[in-house]
Amino acid sequence: MPVPYPRGRFELAQQVMPLFNGLVDAVAADEAYLEGTLGPAALYDTFTGRLLKTLQATRAARAALREAGREVVLGVHRSDYMLDEPSGKFLQVELNTIASSFGCLSALMTRLHLYMASRLPFLEPSRLPANPTLEHIPDAIAAAANAVGFREEGGVVVMVVQPGERNAYDQQWIQLGLWERHRLRTVRMTLGDIAATAKLDEAGGGTVTLQTGEPVCVFYFRAGYTPTDYPSEAEWAARKLIEQSNAAKCPTVAYQLAGTKKIQQDLARPGVLEKFIRDDRDAALLREFFAGLWSLDPKDVATDPGVAAAVADAISRPEAYVLKPQREGGGNNLYGEELRDTLKAGGERLSAYILMQRILPPANRSVLVRNGQWSESETLSELGIYGTFVRHGNNLLLNEQSGHLVRTKTSTSNEGGVAAGFAVLDSPYLLD
Ligand code: ADP
Ligand code: MG
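Residues numbered from 1 in each chain as written. Chains lettered and ligands numbered in written order. Predicted model: local features only at pLDDT ≥ 70, side-chain atom pairs only at ≥ 80, totals over all residues. Heavy atoms only, no water.

- An unreviewed UniProt entry annotates the protein as Glutathione synthetase of Volvox africanus.
- According to its UniProt record, the protein has this under Pathway (unreviewed entry): "Sulfur metabolism; glutathione biosynthesis; glutathione from L-cysteine and L-glutamate: step 2/2." (UniProt positions renumbered as here; feature names shortened; annotations may be inferred.)

If you want it as structure tokens, here you go:
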């Protein structure tokens, strides 16, 4: 059964998605801000540090592309929320700017629940919102490919995947959409494959060609978000090659950094979001979705009474907070006793963590089906709204809300990943 959600709040979350897309674009463009904000975290988090180094090492090549009018930016984002029962609001868990997955399988869930609604009199199809991921995600990738020059010069999309990729059946729908809707071919490659076979023409405008001689129009990442995706220097060399190329990258290193938890926390500080979103009403609307977020940089804890109070409160009531490192992919957060012990131990290394208000979603009773087995349990759900964004230089080509995802997990589990093994795919059911 789909999960009941209040229609007004759901539609508001759809409505703000283009603002979140624009926010990512604005934050990513301010590299001094990214470096300044992520610098202390990077001292204790070598992965973030390495991304920052790649940003610096590719600055000249990227500036040259921009000046030549060849900068093409592609965003496929997913903003994740939980309905917070005490406030009645959807509060943002995180904003994903890299490898935002499950869009396609989620559209299949919508079909499944629509089918169920056709059979079961107590489910109304009109309460299941449209979920256009299968069209929007390939269309955004194709728009970026065309801006790079696919129509004139041909080329392929490279989907950057993990070795032994397990999420291939979500990804395959994007490949199918690219072919059926745009006659665009996809080549699946790991960062290691790219390092071994792709060539960057540095003198000739940054075109990357594959062994077949085909130019790459778009690098679409479904890997590269976690340190284990870079087992050797070769993978970092591939990342740098991609970053210097004239292909559209989803994401650029700057977009990836703009999606870190540290940036999410910093944007929530008074006045920071407002530097990037100039319209007061838009900024206020985005802030409706912000949970309490605090820096754990010892400097901030020492100088900001609000931060010190939150840390003290988290030590006495750890169940009201989540402690997050700069990681993606699920299973990395600290809760309860572990959270308390880490905060109590203190120290500079906490600069690489953020403290977050624990969102308290309403519990539902659900039937979950996994591996062909059903079980009934008390569950919590998390909503994701997809956004697509394409910009060619100063020309905004596309900025849209592009569908949704609901993941449901048993209420005893802290984490929410489907691929990580904690949750199942679900659908929203809108109540007025
Ligand atoms: P990741 O990048 O690993 O996906 P998330 O920030 O999405 O990191 O956290 C993973 C999971 O932890 C979420 O899907 C959610 O189930 C839970 N979680 C994260 N933050 C909160 C929060 N503030 N309140 C309640 N649960 C949270
Ligand atoms: Mg997440």
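Here the narrative resumes.
### Some points on the pattern of salt bridges
Link 1 in the chain: Under the counting rule described, the total for this entry stands at 29 salt bridges.
Link 2 in the chain: Note that Arg7 and Glu11 form a salt bridge whose closest N and O atoms lie 3.6 Å from each other. Note that Arg7 and Glu11 are positioned in helix α1 (residues 7-15) at a spacing of 4 residues, about one turn of the helix.
Link 3 in the chain: Under the relative-accessibility criterion, Glu11 is labelled partly exposed at 37%.
Link 4 in the chain: The partner of Arg50 in a salt bridge is Glu233, and the shortest N-O contact between them spans 2.8 Å. Of this pair, Arg50 sits in helix α4 (residues 46-57) while Glu233 sits in helix α11 (residues 233-244), and the two are 183 residues apart along the sequence.
Link 5 in the chain: A relative accessible area of 25% places Arg50 in the partly exposed class.
Link 6 in the chain: One continuous salt-bridge network, built from bridges that share partners, spans Arg7, Glu11, Glu124, Arg127 and Asp432. (Salt bridge = Lys/Arg side-chain N within 4 Å of Asp/Glu carboxyl O. Helix = DSSP H or I, 4+ residues; strand = E, 2+ residues; numbered from the N terminus. Buried < 20%, exposed > 50% of the residue type's maximum accessible area, 1.4 Å probe, protein only.)

### As for empty space enclosed by the protein
Link 1 in the chain: Applying the stated rule across the entire model yields 2 cavities of 30 Å³ or more.
Link 2 in the chain: What the largest cavity holds in volume is close to 170 Å³.
Link 3 in the chain: Secondary structure elements with two or more residues in the lining of the largest cavity: α2 (17-29), β3 (89-96) and α13 (261-267).
Link 4 in the chain: In this structure, the second largest cavity occupies an estimated 140 Å³ of space.
Link 5 in the chain: What lines the second largest cavity is a set of 15 residues, and nearest its centre among them are Phe47, Tyr225, Gln256, Thr260 and Glu328.
Link 6 in the chain: Elements with a minimum of two residues in the lining of the second largest cavity: α4 and β3.
Link 7 in the chain: Taken together, the residues that form the lining of the second largest cavity break down as 5 nonpolar, 7 polar and 3 charged. (1 Å grid on protein atoms, 1.4 Å probe; cavity = no way out; pocket = protein on both sides within 12 Å on 5 of 7 lines; lining within 4 Å. Points joined across faces, edges and corners; volume = space filled by probe spheres on them. Nonpolar A, V, L, I, M, F, W, Y, C, P; charged D, E, K, R; others polar.)

### A word on the site of ligand 1
Link 1 in the chain: What surrounds ligand 1 is a group of 21 residues, the closest being Lys261, Lys324, Gly330, Ile359 and Glu382.
Link 2 in the chain: Contact distances for ligand 1 include 2.6 Å between an oxygen atom and a side-chain N or O atom of Lys324.
Link 3 in the chain: One of the side-chain N or O atoms of Asn333 is found 2.9 Å from an oxygen atom in ligand 1.
Link 4 in the chain: Put simply, ligand 1 lies in the largest pocket. (Near = heavy atom within 4 Å. Polar contact = N/O pair within 3.5 Å; in protein donor to acceptor, adjacent residues only side chain to side chain. Sits in = over half its atoms within 2 Å of the grid points.)

### Here we look at the nonpolar core
Link 1 in the chain: One finds Phe20, Leu23, Val27, Tyr81, Val158, Ile194 and Phe219 to be the most contacted residues of the largest nonpolar core, which totals 79 residues.
Link 2 in the chain: Broken down by element, the residue count for this core peaks at 7 residues, all from α2.
Link 3 in the chain: Apart from the residues lying within four places of it in its own chain, the contact partners of Phe219 are Val158, Val160, Ile194, Val208, Ile242, Ser245, Ala247, Ala248, Lys249 and Cys250.
Link 4 in the chain: Counting residues in hydrophobic clusters, the runner-up holds 28 residues, among them Leu74, Ile174, Val218 and Tyr220. (Core = buried A, V, L, I, M, F, W, Y, C linked by side-chain atoms within 4.5 Å. Contact = heavy atoms within 4.5 Å.)

### Points about the side chain of Asp229
Link 1 in the chain: Looking at the element boundaries, Asp229 is found in the loop between β8 (216-221) and α11.
Link 2 in the chain: Look at Asp229: it is buried, it has no salt bridge, and the nearest opposite charge is Arg239 at 8.2 Å.
Link 3 in the chain: When sequence neighbours within four positions are dropped, the list of residues in contact with Asp229 reads Gln162, Leu191, Ala223, Gly224 and Glu235. (Lys, Arg positive; Asp, Glu negative; His and termini not counted.)

### Points about the sheet that holds strand β12 (residues 353-357)
In any sheet, the strands associate via hydrogen bonds between backbone groups, in a parallel or an antiparallel arrangement.
Link 1 in the chain: Strand order in this open sheet of 3 strands is β10-β12-β11, and the pairing throughout is antiparallel. Edge strands, defined here as strands with exactly one partner in the open sheet, are β10 (293-295) and β11 (321-325). With direction set aside, neighbouring strand axes in the sheet form an average angle of 25°.
Link 2 in the chain: Inspection of the sheet shows β11 paired to β12 by 5 bridges, in the antiparallel sense. Residue pairing across strands places Pro325 opposite Tyr353, the latter belonging to β12.
Link 3 in the chain: Against the sheet, helix α17 (residues 305-316) touches β10, β11 and β12, its axis set at about 105° to β10. (Pairing = 2+ DSSP bridges. Axes fitted to C-alpha atoms, helices over the stretch in contact; angles between N-to-C directions.)

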